[in-house]
Each structure stands twice: as C-alpha cells, then as structure tokens.
Amino acid sequence: DAALMEGLDRLGGLDSTWLDGVILPETDGAAAGTARNDGNAPVAVVSGDTSGNTSTDTYSRLMVYESALENGSNPDAGRVAAGGFLVISAPDGVASIVIGGVAVLSNGTLTGESVFTDEGRLDVTFFDVATGRLEYVYTLTGATQEHTGNNDAQVEHDLVVTIEDTNGDRASAVIAVVIGDDVPEAVADSAAVKEGSVETAEGNVLENDVSGADGFG
C-alpha cells in the first residue's frame, strides 16, 4: 500500500520490513518487552559489623583499650587496634564517602586520608565497588583525657559517615569508636617501727601501684 509506506517514511528514520503483511520496526538493541529503568536509585547503608540501630544509625562499633598501650597496665598490640566494615548499596555508583568530616573516597577512588581523634586515627583500608564493602581500622596511639567523671570506664567517639552517589543522593551511618579506660590500681603499703624508738618509716606509696595509661595525675 503506497499510502501506508509513505506514512511510515514520514515517521523519520523508522525502517521497516514486510513479513507476511506484518510490519516489524527495527529495535535500538533493547530486548522486546524489556522495561527500561532510568529512574534515580537510592543509596543506603545496608549492614555493618554491628547491627544497625534505627535511632542512632550505628552500624559499626570498634573497641580498643588504653591498658594495651605500651605504657598501659597490660600492653598488648593486638588490643590497641580494631577493624570494622560497612556495606553500601548504591546502584548509581558511589561518588564520595566522608567520615568524621574527612573525605576518604572521592570520585570513586580512595584518598588515603586518615580520620584523627585526640587519641588515635581511623584508616580506610579497602573498598569494593562491586559489593559496596568498605573496610577500616582504628588504631589507638595515646591515652584519652576526655573523662567526664571519676568512674568513667569508656570514652566514645561517634564518627558520622556520609555517602553520596553519582546522582547526588546521600545516606549516612555512624562508626562508634569506644576506648576502654585504663584504671589505676592501688596496692596497700605497710611499714613498721619499734615502739619507743626514734626510727622513721620511709618510702613511696606509689612504688607498688599501677598507674595505668593515664598516669597518676
């Protein structure tokens, strides 16, 4: 039918083939019946080394100990560092990750920047683009002096993590760094003098005490 063919030509670039009277337009490579999702996919933190808490967004908790420092009451290099991870879902791709105000990933690449606290630092060691797994280690380098009371057993730093995808969508989580305080240990002292003598008892009551990483103050 000449009129029909002329109408098809006016559609502008639409080629067609006749098969038993059925017109089959050429496709642009998409499978027939396949839906195209060009929408904006959200970004989210889906899991971590600690169960997520919807009220605090704490998905990661790292515990280190002052007592394990070289000047602590129980030196142990294995307890001054703690590693953790977050798993990020970002179908559009991760553009940047900021931890504690420091950009640790920019334009999809790790920056190598450390995140410092008064007592140590957090280093990002790995990011897998395919799985969204982000790994890091916090290392305690000194004793904390941020106690708010005489009986503080722990000091906590909450490092906010902000993830932004290539479309500008954002998600956040919290990495909680918890520092166990090294409490001084006092040991009883004794001395003896003979009754009626002029002898004096001398000594240092701190000699047999354990100061802990904070020192006696």
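Computed from a prediction, not measured in an experiment: that's the story for all the values here.

Enquirer: Provide a residue-level description of the overall build of the chain, including the pertinent values.
Expert: A count of helices and strands for the chain gives one helix and 13 strands. Listing the helices and strands of the chain from first to last along the sequence gives α-β-β-β-β-β-β-β-β-β-β-β-β-β. Per-residue burial for the chain yields a buried fraction of 30% across its 217 residues. Taking as baseline every contact in the chain between residues at least 6 positions apart, the subset at least 24 positions apart corresponds to 54%. Here the chain has roughly 13,400 Å² of accessible surface; of this, 48% comes from carbon and sulfur atoms.

Enquirer: Talk me through the environment of Val104; I want residue IDs and the actual numbers.
Expert: Residue position: Val104 is located in strand β7 (residues 102-106). Along the primary structure Val104 and Val115 are separated by 11 residues, whereas in three dimensions their C-alpha atoms are 8.3 Å apart. For Val104, the contacting residues outside a window of four places in its chain are Ile97, Ile99, Thr109, Leu110, Thr111, Gly112, Glu113, Val115 and Val124.

Enquirer: Help me get a handle on the sheet that holds strand β3 (residues 44-48), residues and values and all.
Expert: Strand order in this open sheet of five strands is β3-β5-β11-β10-β9, and the pairing throughout is antiparallel. Both edges of this open sheet fall to β3 and β9 (114-116), since each of them pairs with a single strand only. Mean inter-strand twist for the sheet, computed between neighbouring axes without regard to direction, equals 30°. Summarising the sheet, strand β10 (residues 120-127) and strand β11 (residues 133-140) pair through seven bridges and their orientation is antiparallel. Within β11, the position partnered with Arg121 by the bridge is Thr139.

Enquirer: Requested: an account of unusual backbone geometry, with residues and values cited.
Expert: Unlike most non-glycine residues, Asn107 shows phi in positive territory, near 55°. Take Asn107: it is sitting in the loop between β7 and β8 (109-110). Overall, the relative accessible area of 71% leaves Asn107 in the exposed class.

Enquirer: Run through the confidence of the model for the chain, naming residues and quoting values.
Expert: Within the chain, residue pLDDT values average 76, and 60% of them lie at 70 or more. Low confidence marks residues 11-38, where pLDDT is under 50. Its contacts with residues over four positions away, or in another chain, come to 19 contacts. This model gives residues 213-217 a pLDDT under 50, and the stretch forms 18 contacts once residues within four places in sequence are excluded.

Enquirer: Outline the nonpolar core, listing residues and values.
Expert: Of all hydrophobic cores here, the largest spans 33 residues; its most connected members are Ile97, Ile99, Leu122 and Ile175. Those elements that provide at least two residues to this core are β4 (58-65), β5 (81-89), β6 (94-99), β7, β10, β11, β12 (154-165) and β13 (170-180). If one sorts the elements of this core by residue count, β13 sits on top with five residues. Sequence-distant contacts of Ile99, defined by excluding residues within four places in its chain, comprise Val104, Val115, Leu122, Val124, Leu134, Leu159, Val160, Val161 and Ile175.

The rules behind each value
Residues numbered from 1 in each chain as written. Predicted model: local features only at pLDDT ≥ 70, side-chain atom pairs only at ≥ 80, totals over all residues. Heavy atoms only, no water. Helix = DSSP H or I, 4+ residues; strand = E, 2+ residues; numbered from the N terminus. Buried < 20%, exposed > 50% of the residue type's maximum accessible area, 1.4 Å probe, protein only. Contact = heavy atoms within 4.5 Å. Areas by Shrake-Rupley, 256 points an atom, 1.4 Å probe, with all protein chains shown as cover. Pairing = 2+ DSSP bridges. Axes fitted to C-alpha atoms, helices over the stretch in contact; angles between N-to-C directions. pLDDT = per-residue confidence, 0-100. Core = buried A, V, L, I, M, F, W, Y, C linked by side-chain atoms within 4.5 Å.

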